[in-house]
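# Structural overview for review
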Amino acid sequence: RARTDQFGRYDIPLQAVENRLPAFLALMLTSLQSTAAGYLPQWGIDAHLLQAARSLPDPPEIRQIESYEWLMALLAGLPQTAEIIVDTLRDLDDNPQLWQDIETAWRNGDDNLLEQRVLVEPLRRDPAQAPLYETLFFSRNPGMATALRDCMERGERCFMVVGAGHLVGERGVLTILRAAGYRVPQR
């Protein structure tokens, strides 16, 4: 019972979520847990980088690669099975360490650790999650790379924030850009 009442942990009655899609519930649980662990959206890297870009003397054009509506449609198209909730509940105890590892990998520029923790280990532990990862990560990367490439080819000065999990791996944005002949230095 304690594992099935995770929403109660965050003072959300089960009646408030009982008619929601499983993928949204899984994301909601993960989001609630990350917020409770101190990973607040207003302190996230996206917000920080956007604020920094806007405060430059000659701010670059800020481009949105994916619209809110597009992302909501993407989430609605995720597999809506009970397994997504079961997997989320199973992984909740490991999430704080995962987030800490991701933060450390990002701060240190450790692409290998980032790829292992975000993409490789979860799929090795549960290969049935492959369609979920295909939707959330891999299928989106070519569009992100195209948006970045289009900006560069037009000689524009654009500012785009791409999540760290989209940058790494053989199907990541950086690999796609390098395969297209771009030099992508890491700083």
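Just so you know, these numbers come straight off a predicted model, no measurement behind them. (Residues numbered from 1 in each chain as written. Predicted model: local features only at pLDDT ≥ 70, side-chain atom pairs only at ≥ 80, totals over all residues. Heavy atoms only, no water.)

## Here we look at the pattern of salt bridges
Between side chains of opposite charge, a pair can form when the charged atoms approach closely. Enumeration over the complete set of coordinates arrives at 10 salt bridges. Glu121 is the partner of Arg117 in a salt bridge, and the nearest nitrogen-oxygen pair spans 2.6 Å. Of the two residues, Arg117 and Glu121 both sit in helix H7 (residues 111-125), four residues apart, roughly one turn of that helix. (Salt bridge = Lys/Arg side-chain N within 4 Å of Asp/Glu carboxyl O. Helix = DSSP H or I, 4+ residues; strand = E, 2+ residues; numbered from the N terminus.)

## Let's talk about helix H9 (residues 141-153)
Over its 13 residues, H9 extends 18 Å from the first C-alpha to the last, a length consistent with the 18 Å expected when each residue adds 1.5 Å. Of the positions making up H9, those classed as buried are Asn141, Met144, Ala145 and Cys151. In a view along the axis of H9, the buried residues occupy a sector of 125°, so they form one face of it. Where the residues of H9 are buried, they touch helix H8 (130-138), strand S2 (158-159), helix H10 (164-167) and helix H11 (173-179). Within two residues after H9, Gly155 carries a phi angle of roughly 70°, on the positive side. (Expected span 1.5 Å × (residues − 1). Buried < 20%, exposed > 50% of the residue type's maximum accessible area, 1.4 Å probe, protein only. Arc of directions from axis to C-beta. Contact = heavy atoms within 4.5 Å.)

From the geometry alone we can't say anything about function, so treat these as descriptive.
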